[in-house]
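Breakdown of the fold
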Amino acid sequence: MNKARTDPDWTRALITVVRYAEGMRSALATYLRADLQASRCQGDFHYAHEEMAMSMVISATLGAMNLLVEDGEVEHADRIAAEMVLQALGVPPEKAKWIAGLPLPGEDR
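Quick caveat, the model's predicted, so the values are computed rather than measured.

Let us look at the packing of helix α2 (residues 8-20) against helix α4 (residues 50-71). Interhelical geometry of α2 versus α4 gives an angle of 150° and a closest axis separation of 10 Å. The pairing of α2 with α4 is recorded here as roughly antiparallel in orientation. The crossing of α2 and α4 is left-handed. Only Ile58, Leu62, Met65, Asn66, Val69 and Glu70 of α4 make contact with α2, whose side of the interface consists of Pro8, Trp10, Thr11, Arg12, Leu14, Ile15 and Val18.

Below you can see the structure in the form of structure tokens.
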């Protein structure tokens, strides 16, 4: 999301590649599936259908990035998107908000 905010050309290219390049989607799906399964096994995520969960995460992420490119600055877009996706995956609202507010490695919040 930070890259999307600072480099709209990169973001547009990434969105296009993910939408239309099967190999890229397949590679992304491998990592995403592993993360979803691990979180489900830990009891953090509760979703009805894995493929639908994967599609939702990818769509929400690309949509949030597109919003930044098309509509300009959205304050805390990264946190908002993360919180909403976590809630959609079954994480309780307060925990989702806490997780979304955690700093990324090398980031000060």
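And the narrative resumes.
Before going further, it helps to spend a moment on the nonpolar core. Grouped together as the largest cluster of nonpolar side chains are 13 residues, with contacts concentrated most on Leu36, Phe45, Tyr47 and Leu89. Those elements giving two or more residues to this core turn out to be α3 (22-41), α4 and α5 (77-88). Ile15, Leu62, Met65 and Leu68 belong to the second-largest nonpolar core, a separate cluster that totals 7 residues.

Residues annotated by UniProt as "domain: Tetracyclin repressor-like 40 C-terminal" (unreviewed entry) correspond here to residues 3-100. Helix makes up 81% of residues 3-100 and strand 0%, whereas the separation of the span's terminal C-alpha atoms amounts to 17 Å.

Let's shift gears to the side chain of Thr11. Looking at where Thr11 falls in the secondary structure, it is placed in helix α2. On the basis of relative accessibility, which here comes to 0%, the residue Thr11 falls in the buried class.

We now examine α5. Taking 1.5 Å per residue as the helical rise, α5 with its 12 residues ought to reach 16 Å, and the 16 Å between its terminal C-alpha atoms agrees with that figure. Of all the residues in α5, the buried ones are Ala77, Asp78, Ala81, Val85 and Leu86. Buried residues of α5, viewed axially, fall in a sector of 155°; they line one side. Looking at the buried positions of α5, the neighbouring elements they touch are α1 (2-6), α4 and α6 (93-100). Gly90 lies just past α5 and shows a positive phi near 100°.

Conventions adopted
Chains are numbered independently. Their residues run from 1 in the order of the written sequence. Per-residue local features are limited, in this predicted model, to residues with pLDDT of at least 70; the limit for side-chain atom pairs, both in listing and counting, is 80 or more; totals at the level of whole chains, interfaces and linings are taken over all residues. With hydrogens and water excluded, all non-hydrogen atoms of the structure serve as input to the side-chain values. For helices, the axis comes from a line fit to the C-alpha atoms of the stretch in contact; other axes are also lines fit to C-alpha atoms, and the angle between any two N-to-C directions lies between 0 and 180 degrees. A run of DSSP states H or I qualifies as a helix once it reaches four residues; a run of E qualifies as a strand once it reaches two. Both are numbered from the N-terminal end. By definition in this entry, angles of less than 35 degrees are roughly parallel, angles greater than 145 are roughly antiparallel, angles of 65 to 115 are roughly perpendicular, and the rest are oblique. Working rule for handedness: look at the near helix, and if it is turned counterclockwise from the far one by less than a right angle, call the crossing left-handed; if clockwise, right-handed. By definition, residues are in contact when any of their heavy atoms lie within 4.5 Å. Put simply, a nonpolar core is a bunch of buried Ala, Val, Leu, Ile, Met, Phe, Trp, Tyr and Cys residues held in one set by side-chain atoms that sit within 4.5 Å of each other. In this scheme, a residue with accessible area under 20% of its type's maximum is buried, one over 50% is exposed, and one in between is partly exposed, where area comes from a 1.4 Å probe on protein chains only. UniProt positions are given in the numbering used here, feature names are shortened, and annotations may be inferred rather than shown by experiment. Given a helix with a known number of residues, its expected span is that number minus one, times 1.5 Å. The reported arc concerns the directions from the helix axis to the C-beta atoms and nothing else.

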